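Remarks on the overall topology
Single-letter residue listing:
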Amino acid sequence: MKVMKFGGTSVGSVSSILNLKKMVEAEARTQPVVVVVSALDGITDKLIATSHLALKGEEQWRDEFDAIVARHHLMIDTIISENKRAALLCKVDALFEQLKSIYYGVFLIHDLSKKTEDAIVSYGERLSSNIVAALVDNGIRMNSRDFIRTEKKTVVSTDSHVKHVLDSELTAQLVREAFRPVCCVSNATNNTIAVVPGFIARDRDTHETTNLGRGGSDYTAAIIAAALDAEALEIWTDVDGFMTADPKVIKSAYTINELSYVEAMELCNFGAKVIYPPTIYPVCVKHIPIKVKNTFNPDHPGTLIKDTIDDDLKPIKGISSIKGTTLITVTGLSMVGVIGVNRRIFTTLADRGISVFMVSQASSENSTSIGVRDEDAAAAVEVLNEEFAKEIETGAMYPMQAESGLATIAIVGENMKHTPGIAGKLFGTLGRSGISVIACAQGASETNISFVVDGRFLRKSLNVLHDSFFLSEYKVLNLFICGIGTVGGMLLEQIRTQQQILMQKKRLKLNVVGISDVDNFVLDRDGIDLDNYEKILRAGFPANTGHMRDEIIKMNIFNSVFVDCTASRQIAALYQTFLEHNISVVAANKIAASSDYDSYIKLRQTARDRGVWFRYETNVGAGLPIIGTINDLCNSGDKILKIEAILSGTLNFIFNEIAADVPFSETVRRAKEQRYSEPDPRIDLSGTDVIRKLVILTREAGYKVEQDDVEKHLFVPDDFFAGSLEDFWKRLPELDADFEARRKVLEAEGKRWRFVATMEACGDHQLTCKTNVALKEVPQSHPFYGLEGSNNIVLLTTERYREYPMLIQGYGAGAAVTAAGVFANIMSIANI
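As the structure is a prediction and not an experimental result, all values here were calculated from the model. Position numbers for residues count from 1 along each chain, tracking the sequence in the order it is written. Local features in a predicted model are, by the rule used here, given only for residues with pLDDT of at least 70; side-chain atom pairs are given and counted only at 80 or more, and totals for whole chains, interfaces and linings are based on all residues. Here the side-chain values reflect all heavy atoms present in the structure, with hydrogen atoms and water set aside.

To continue, consider the overall build of the protein. Counting secondary structure elements, the protein contains 28 helices and 31 strands. Here the radius of gyration uses the C-alpha set of atoms, whereas the globule reference equals 2.2 Å times the residue count to the power 0.38. Over its C-alpha trace the protein gives a radius of gyration of 37 Å, far above what one expects of a compact globule, namely 28 Å for 832 residues. Note on classification: 1.4 Å probe, protein chains only; a residue is buried when its accessible area is under 20% of the maximum for its type, exposed when over 50%, partly exposed between these limits. When the 832 residues of the protein are sorted by exposure, 52% land in the buried category. In the protein, the share of contacts with a sequence separation of at least 24, taken over all contacts with a separation of at least 6, comes to 72%. Per-residue and other accessible areas follow the Shrake-Rupley method at a 1.4 Å probe size, with only the shown protein chains counted as cover for residues. Just so you have it, the protein exposes about 36,700 Å², and 50% of that area is on carbon and sulfur atoms. Seen as two clouds, the 90 positive and the 106 negative side-chain charges of the protein have centres 2 Å apart. In this text, helices come from DSSP runs of H or I with a minimum length of four residues, and strands from runs of E with a minimum of two, each type numbered from the N-terminal end. Between two residues, a contact is recorded if the distance between any of their heavy atoms is within 4.5 Å. Here Asp and Glu are counted as negative and Lys and Arg as positive; His is not counted, and neither are the chain ends. To locate a charge, take NZ of a lysine, CZ of an arginine, CG of an aspartate or CD of a glutamate.

Only the stretch in contact is used when a helix axis is fitted, and all axes are lines through C-alpha atoms; the angle between N-to-C directions ranges over 0 to 180 degrees. As a packed pair, helix α22 (residues 649-657) and helix α23 (residues 664-673) sit with axes 9 Å apart at the nearest point and diverge in direction by 135 degrees. Regarding the angle of α22 to α23, the classification is oblique. Read as a crossing pair, α22 and α23 show a hand that is right-handed. Here α22 contributes Thr-650, Phe-653, Ile-654, Phe-655 and Glu-657 to the contact with α23, which in turn contributes Phe-664, Thr-667, Val-668, Arg-670 and Ala-671. Any residue outside Ala, Val, Leu, Ile, Met, Phe, Trp, Tyr, Cys, Pro, Asp, Glu, Lys and Arg is labelled polar, Gly included; the first ten of those are nonpolar and the last four are charged. Taken together, the residues of the contact of α22 with α23 break down into six nonpolar, two polar and two charged. Roughly parallel means an angle under 35 degrees; roughly antiparallel means over 145; roughly perpendicular covers 65 to 115; every other angle is labelled oblique. Each helix crossing is assigned a hand: it is left-handed if the near helix lies turned anticlockwise from the far helix by less than a right angle, otherwise right-handed if that turn is clockwise.

Strand pairing is assigned whenever DSSP detects at least two bridges linking the two strands. Taken in spatial order, the eight strands line up as β3-β6-β2-β1-β9-β11-β12-β10 in an open sheet, and their pairing is mixed. Two strands bound the open sheet, and with one partner strand each, they are β3 (139-141) and β10 (258-260). Within the sheet, the average angular offset between the axes of one strand and its neighbour, ignoring direction, is 20 degrees. Its contacts with the sheet put helix α1 (residues 14-28) on β1 (2-6), β2 (33-37), β6 (193-197) and β9 (232-237), and the angle it makes with β1 is roughly 175 degrees. Helix α8 (residues 261-269) contacts β10 and β12 (303-306) of the sheet and is inclined by roughly 90 degrees relative to β10.

When two helices pack together, their arrangement is captured by the angle between the axes and the distance separating the axes. Interhelical geometry of helix α2 (residues 43-55) versus helix α5 (residues 114-135) gives an angle of 145 degrees and a closest axis separation of 9 Å. Crossing of α2 over α5 shows right-handed handedness. Residues Ile-43, Thr-44, Leu-47, Ile-48, Ser-51 and His-52 of α2 touch α5, and the partners they reach there are Glu-117, Ile-120, Val-121, Tyr-123, Gly-124 and Glu-125. Its residues assigned to classes, the contact of α2 with α5 shows six nonpolar, four polar and two charged.

On to the pairing of β2, then. Of all the five residues making up β2, five are buried; the element is thus mostly covered by neighbouring parts of the structure. With burial as the criterion, each face of β2 is covered, one bearing Val-33, Val-35 and Val-37 and the other bearing Val-34 and Val-36. Where β1 meets β2, five bridges bridge the pair, whose relative direction is parallel. Counted as the bridge partner of Phe-6 is Val-37 from β2. After leaving β1, the chain enters α1 and then returns to the sheet as β2, a path that is right-handed. Relative to β6, β2 runs parallel, the two being bridged by five bridges. Within β6, the residue paired with Val-34 across the bridge is Ala-194. By convention a crossover is right-handed if, when the strands point away from the viewer, the path from the first strand over the helix to the second runs clockwise.

Right under this line is the structure:
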């Protein structure tokens, strides 16, 4: 036989309750079926709310009561056949008369006892079970109060009260007796369907109506399944089963196919609200599998819970969490080595009915931290201070310390005990994301690692852990793209065309969550549609560096990278703040890496300390692997002795174009027209860009250098850089004659001009060097002679590459190659 339980949403609408009928009747064709039902969706809350209105003496209780009646009548009129409707309405209306009398009594005497409230909430299941029994073929309604028995347990507290707990032995006996005539005879095609109201029970001594607590319908079903040795227990709800995490927080969460009883219990205890936690125990001891299925998606396989999982290789099955955690710390020197302190803590809290869901104790025994729900915190602190009043008075212990606004997270999986390094990976992942662990706990079974974090970091913690432990279908990298000019715009296009390919081949999702330009910025943690980002951006926030910084930090998003495709000094100034908040930075912008040495070192150190990344490969040579190569050489123990480089595509273009019929001034104009130079070409002619690049390479080689340390041998007189841009263009032809005369001599000697940046280590074996930029004449035998167009070239002389220097050459400018270099930096972070 099978026990099937249907929750409130499964009986709450016409379509869902008709699905119930179809599924139950199909099962009954092959075996006896017990159906346990909850109240119609929302009715239990409605019953409680109406009782409180009556308690306050508000006439509105009548309207609320009438609405409850109307909803049930409408359901009956819609789904029950005419030949059964009158008899059912008679039963239902009799229950409503009883309920109305109870409400009226509460209204008159302004008193609502626990006994009365238990009676009121029982009507939800009593009504729904009558409807379902009339709906299904061969349905008979059974009264769970006839066989589910509870006993009283007094909970001592400032407002001592009686708690009803299950009398397991008596209940099992009564269930077997009650169901023997119903389920012990199996008909090949036409079995009886026993319909049972969940949740409600009866006190074994007083015979008063009681209940098993909110969610108790699951428990009712498990109790019956265990007593009758059912083949399976099915829990039909409104989700597909247990998820790897809360899908409202983690979009990539997915259904877990199979769980062990222990794993399911751990997930339930830590906030997974799929089934009521006590449900698992009765069927676990009888080895009865639980199937969690979706009434609204019955073809989905759901989640199967059983003893052991075959071929189970995943160390982590799921991540669960509890919001609203308060951590109470009991501390004092008198606790060290004293037997019985923890017993007093937990006995005191248990006697007051306060549940502790996590315990963390220092090995020195001088402190114990316990996790309770926020609503229990004040009472817990009060009773513990009372219990240890004498110790607190003498100074042997300190008053209880409570920290609220926290969240508890648990990663669950029985295979963790077979997988070394899980805890290390957990805490390392959190640390790299800037999330501090306030307390943690792990049992010797290694099924559950629980820890407490600041509640503000709950979403970020869940996402980064889900992603890190490969519970997600793909890894997610969240990108903020700043600047959508030639480089930024090309980068967005490259990301757009690669997104699906990376998801399919690399299981990597590049999620662009922010875009900004000079006018606006837009943020969306779910991702921005790159097909329409320009339109979306126009409707965004007005551009403001401080506002954008604050909003990005406020998002507190995991695995995030800020990508700077601007040349803005204001944007570069944001890097330090972003790195401090565990946001990696990828920069095409050269300002930060070439700024004062101390700031440069601080950025790199912050990135290392925070476990994030500061990448800027495209600062020199666009997409050429120059910085990465220097880093690899130095990290492997080599020493850079000399760097010779042509680092300005603009200047190389100018000196390749100059000819007898193309004067110097014309080459500069062509460089601007073909967008090799800045709009103001004096920036390129001044050598500032080359100096910045040389400073960056020199620092990457391990030398301390500032921009002012670089000797400058420029080829345009200083007075040309004064005045307006218009004046510059008027005066520029004045240089043509001199350049042409020198060019002829150069041509006769078989040489060419190259603007060369040089770093050479000093011979004292210390990390000191000389740096300069200069216009040099290079012969045909030199590697720089044949450099074409706007290409860059770098010669690296090292202790290993002394006789034959390493040469790196290729496109050193252009939006496509620069964007590709930025993209490569992003991918290097994604692949770590």
